[in-house]
Each structure stands twice: as C-alpha cells, then as structure tokens.
Amino acid sequence: MHTVRVELGQRSYPIAIGEQLLQPEQLQVFLQDIVKSRQVVVFTNETLNQLYGGQVRKALAGRQIDTFVMGDGEQFKSLQTYQAAMDFLMQHRHNRTTCLIALGGGVVGDLTGFVAATFQRGVDFVAIPTTLLAQVDSSVGGKTAVNHPAGKNMIGAFYQPKAVVIDSSVLSTLPAREYAAGLAEVVKYGVIADADFFAWLENNITPLQQRSADALAHVIQRSCEIKADVVARDEREGGVRAILNFGHTFGHAIENLAGYGTWLHGEAVSIGMVMAARFSQKVCNLPQEQTQRLSALLAAFDLPISLSEPASVTDMLNAMGMDKKAADGRLRFVLSAQIGSAWVTDSFAADQLEDVLNEFCS
Ligand code: NAD
Ligand code: GLY
C-alpha cells in the first residue's frame, strides 16, 4: 500500500492506494483508525452494491451499518436523490457522529460528499472510488455537488473526506469506455504538471490498455500526487487549482451541446484538451508537435479527439459562457505553452478562439 497525503492543515487526509485494499481484512485495519463512529451509512448504487457492497460492510462489522442505494447514472446526482438521502438518514436515526462511506464513481462520490457536508452541518465521510476517473480525480480535493436542471454541479460545497481508499483491483470490472474516460484525466496531469509523466504514459500504452497492476499503481499514485499538491496550494480554486480544468471549458460545452449522456465527461475532456492545445498553439506558441503527441496519446487510449458531428460555433460560445470559469462575463482558459505546465488566462484575441472553434465545429 502506498499513501499520498493531501496537506490541508486540520483537514489533511490520507489517500491509501493499493491492490486488494477492499478485501475485508485489509479494509478493516485501515478504517479502524478513521471510522470511530458506531453508526455508518454506505452510500452506493445498485451496480457497486452488488459488486463490492458486501465486502465493505464486512470490513465495518460491529457497527450499525445502513446502506443507501441510489440509481446508477448522472441523472441521479440530483436534488431528488439528495432529498431521499436526507430522508433515509433521518428515518434511520443518524446523527452528527455518523460516518458516510461513498462506494462508487464520481456520481456517488459527489452526492455523498454533499450530503456529508450538509447533514446536521457536516458529518465525516470516507471515499472509496471505483472508477479510474474517481480514483485519479473526483475523490480527491473536496469538490462535492449535485446537479440542477440548469447546469451540472451547480449546487455544492468544498468539503474534504477523512480518507480516500483506492483499490486498483476494482478497475477489472469497469467497462472499457469508462476506463478510457478516466485515462483522459490522467493524460491531463501530464500536460499541466509533469512532462516526464506524459512521456511515461506514451511509453506505457500497452500495459495501460491491458490494465496492468503495476502501470495502474504508478498512474494512480502520480495523478493523486499532482492533484493533492495543487489542492494543497489552492483548496477553493482562487487561482492555481483552475489548471485542473485544462480542456474542460471546451469539454463542458461539448457535453452540454451534445446533450448530457452522449459523451462521457472524460471523452468530452479528451476532445476539449486537443482544442485547448490548438488554442495554446495560437495564443502562446505551444509547438504543433506537442499537440500531435497529445492527440496520438489520447487516440491510443481509444478516446475521441474530434467532434463526431458538426456543431454551431455560436452555440459553443454560448455554452462556454455557462462554464463556471467564465469570470465576470469574460471567458477564461487553461493554456499550455509546453507539455508539463499550464496557467489560466483571459488574455487572447477573439479571432484566435473563433479559429479553433471553426476548425473543430465544421
Ligand atoms: P459514474 O460515477 O457514473 O460511474 C460510471 C459507471 O461505471 C457507472 O455506471 C457505475 O455504476 C460504473 N462503475 C463504477 N465503478 C465500477 C466498477 N469498479 N466496476 C463496474 N462498474 C463500475 O462516473 P464517473 O466518471 O466516475 O464520475 C462522473 C462524475 O464525476 C460526474 O458527475 C462529474 O461531474 C464528477 N466529477 C467530479 C469531480 C470532482 O472534483 N468532484 C471531478 C471530475 C468529475
Ligand atoms: N476536477 C477539478 C478539480 O477538482 O478542481
């Protein structure tokens, strides 16, 4: 087992990474110092409950264990599910000392975190992420939310877990498309923070396609280290944390225009990163050869690098205006002048942006 720490003063926490960490004996040992409460609630969905719910409950034996099972899908990251979760906690007489356990991907994790942030003004929660995306991104850093019909993640809070437990073995049951979507966020870390890691990914395409345990261990650890470092420097996204959104301004617009559910988040981010790289070529001279390397790596992971259907440039611009990174009505982008570094800017010419949109939307 390897541990990465998110250093946030009193709110610091460990991310435990390893194989078979969800085996009840192993999990029990790890959780005994973290989950002190007599009452726990496992938050999960139907799919994950069947696959791993039993072993997580076994590891928690000796406590009052309730299980809140939500529907499987982004549409369940909603105020309706939040209300049902609150009803469940009240009906089962949970209180301020209860600990919530989020067992699932980003949907379960985001919802559980928001419930934990707000139930009786805040209770402990532990994240057990089961998708690659959740293991390398959404379970770390304390962004919790539910969606509003007008926009994704519009209702939420920054609220850190007490611990994150990442068992890479659970990725063996993850559908291929979901696995690839997680790799998009992994590639992002190479672009924004670590050129050597990017090159390592280029040299380890086959082991990653095969979900090799050693390759995954390295990928998850390095991704969590980068995310933990960024979050420790800027927990509430006042500055540097926004670099984690490389490709996301374009990506969110792509997701939104196609209709949620058409592209997976990671797939839209994959296309968005290629667009951000093309934009970076124009605004800050990212070498063309680096955009080509990025496109080739994403394509090798079976990720899309262009839109499947033409789109309207005006619609894309409007959709990007809805993005949370559009401060004061001015669009901001994460750009990279060199693989391995990135920064946020609103300084670019309108025609540079339109050129990129025309190139991808036609
Ligand atoms: P998800 O939670 O919907 O999971 C994807 C699918 O995989 C689901 O059907 C799920 O049941 C299934 N699944 C999960 N683990 C499995 C396993 N081990 N074996 C078999 N099936 C498994 O999707 P996701 O990509 O994990 O998360 C997407 C969500 O994360 C979005 O709502 C997004 O907004 C959010 N997100 C949050 C942050 C953050 O910082 N909080 C960052 C990125 C994304
Ligand atoms: N996924 C972006 C962030 O956590 O800030």
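Reading the values: rules and limits
Residues numbered from 1 in each chain as written. Chains lettered and ligands numbered in written order. Predicted model: local features only at pLDDT ≥ 70, side-chain atom pairs only at ≥ 80, totals over all residues. Heavy atoms only, no water. Helix = DSSP H or I, 4+ residues; strand = E, 2+ residues; numbered from the N terminus. Buried < 20%, exposed > 50% of the residue type's maximum accessible area, 1.4 Å probe, protein only. Near = heavy atom within 4 Å. Polar contact = N/O pair within 3.5 Å; in protein donor to acceptor, adjacent residues only side chain to side chain. Areas by Shrake-Rupley, 256 points an atom, 1.4 Å probe, with all protein chains shown as cover. Nonpolar A, V, L, I, M, F, W, Y, C, P; charged D, E, K, R; others polar. Salt bridge = Lys/Arg side-chain N within 4 Å of Asp/Glu carboxyl O. Lys, Arg positive; Asp, Glu negative; His and termini not counted. Contact = heavy atoms within 4.5 Å. Axes fitted to C-alpha atoms, helices over the stretch in contact; angles between N-to-C directions. Parallel < 35°, antiparallel > 145°, perpendicular 65-115°, else oblique. Left-handed = near helix turned anticlockwise from the far one by under 90°. Pairing = 2+ DSSP bridges.

How should I be thinking about unusual backbone geometry in this particular structure?
Excluding glycine, residues mostly have negative phi values, and the peptide bonds linking residues are mostly trans. With a phi angle near 55 degrees, E237 is a residue other than glycine that sits in the positive phi range. When you line up the elements, E237 lands in the loop between α9 (213–233) and α10 (248–258). Take E237: its relative accessible area is 25%, and that puts it in the partly exposed class. Here the phi dihedral of N285 falls at roughly 65 degrees; this positive angle occurs in a residue that is not glycine. Mapping N285 onto the fold places it in the loop between α11 (265–284) and α12 (288–300).

Looking at this model, I keep getting lost on the site of ligand 1. Mind explaining?
Taken together, 26 residues sit near ligand 1, with D72, E74, G106, T131 and T173 positioned nearest. In the model, a nitrogen atom of ligand 1 is placed 3.0 Å from a nitrogen or oxygen of the D110 side chain. Here K143 contributes a backbone N or O atom positioned 2.9 Å from a nitrogen atom of ligand 1. Starting from 870 Å² of accessible surface for ligand 1 in isolation, the protein chains cover 88%. Broken down by secondary-structure element, the contributors of at least two residues to the shell around ligand 1 are α2 (46–59), α4 (106–118), α5 (132–138) and β8 (151–158). For the shell around ligand 1, the element with the most residues is α2, which contributes 4 residues. Looking at side-chain class alone, the shell around ligand 1 contains 8 nonpolar, 9 polar and 9 charged residues.

Teacher, can you tell me more about the pattern of salt bridges here?
A side chain with one charge can pair with a side chain of the opposite charge if their charged atoms come near. Counted under the stated rule, the structure contains 17 salt bridges. Between R11 and E235 there is a salt bridge, and its shortest N-O distance comes to 2.6 Å. Highlighted residues: R11 in the loop between β1 (2–6) and β2 (13–18) and E235 in the loop between α9 and α10, separated in sequence by 224 residues. We classify R11 as partly exposed; its relative accessible area is 44%. By relative accessible area, which is 16% here, E235 ends up buried. The salt bridge partner of D110 is K77, with a shortest N-O separation of 2.8 Å.

Would you mind going over the site of ligand 2 with me for this structure?
Taken together, D137, K143, K227, E237, R241, L244 and N245 make up all the residues around ligand 2. Side-chain polar atom of D137 to a nitrogen atom of ligand 2: 3.1 Å apart, as the coordinates give it. Residue composition of the shell around ligand 2, by class: 1 nonpolar, 1 polar and 5 charged.

Can you walk me through the side chain of D167 in this structure?
Checked against the element boundaries, D167 lands in strand β9 (residues 163–167). One buried charge, D167, has no salt-bridge partner; the nearest side chain with opposite charge is R211, at 12 Å. At 2.5 Å, the side chain of D167 forms a polar contact with the side chain of S169. Residues contacting D167, with those up to four places away along its chain left out, are G18, E19, Q20, L21, L22 and Q135.

How should the packing of helix α6 (residues 176–193) against α12 be read in this particular structure?
Axes are the key here: two packed helices are described by the angle between their axes and the distance separating the axes. As a packed pair, α6 and α12 sit with axes 10 Å apart at the nearest point and diverge in direction by 155 degrees. With respect to their mutual orientation, α6 and α12 come out roughly antiparallel. Here the hand of the crossing between α6 and α12 comes out right-handed. Taking contact as the criterion, the partners of A184, V187 and V191 in α6 are, on α12, L294, L297 and L298. For the contact of α6 with α12, the per-class residue count stands at 6 nonpolar, no polar and no charged.

I would appreciate a short explanation of the packing of helix α7 (residues 195–202) against α12 in the present structure.
Their axes nearest at 10 Å, the elements α7 and α12 cross at an angle of 45 degrees. Classified by the angle between their axes, α7 and α12 sit oblique to one another. Viewed along their axes, α7 and α12 form a crossing whose handedness is left-handed. Within the contact between the two elements, α7 uses F198, A199, L201 and E202 and α12 uses R293, L294 and L297. Its residues assigned to classes, the contact of α7 with α12 comprises 5 nonpolar, no polar and 2 charged.

Just checking my understanding: could you explain the sheet that holds β2 for this structure?
The strands that make up a sheet pair up through hydrogen bonds in the backbone, lying either parallel or antiparallel. Spatial strand order, β1-β2-β9-β6-β5-β3-β4: 7 strands in an open sheet with mixed pairing. Both outer strands of the open sheet, β1 and β4 (64–70), are each paired with one neighbouring strand and no more. Sheet twist, expressed as the mean angle between neighbouring strand axes with direction ignored, is 20 degrees. Note: strand β6 (residues 124–129) against β9, 2 bridges, orientation parallel. Opposite V126, over in β9, you have A163 as the bridge partner. Sitting on the sheet, α9 touches β1, β2 and β9, and the angle it makes with β1 is about 15 degrees.

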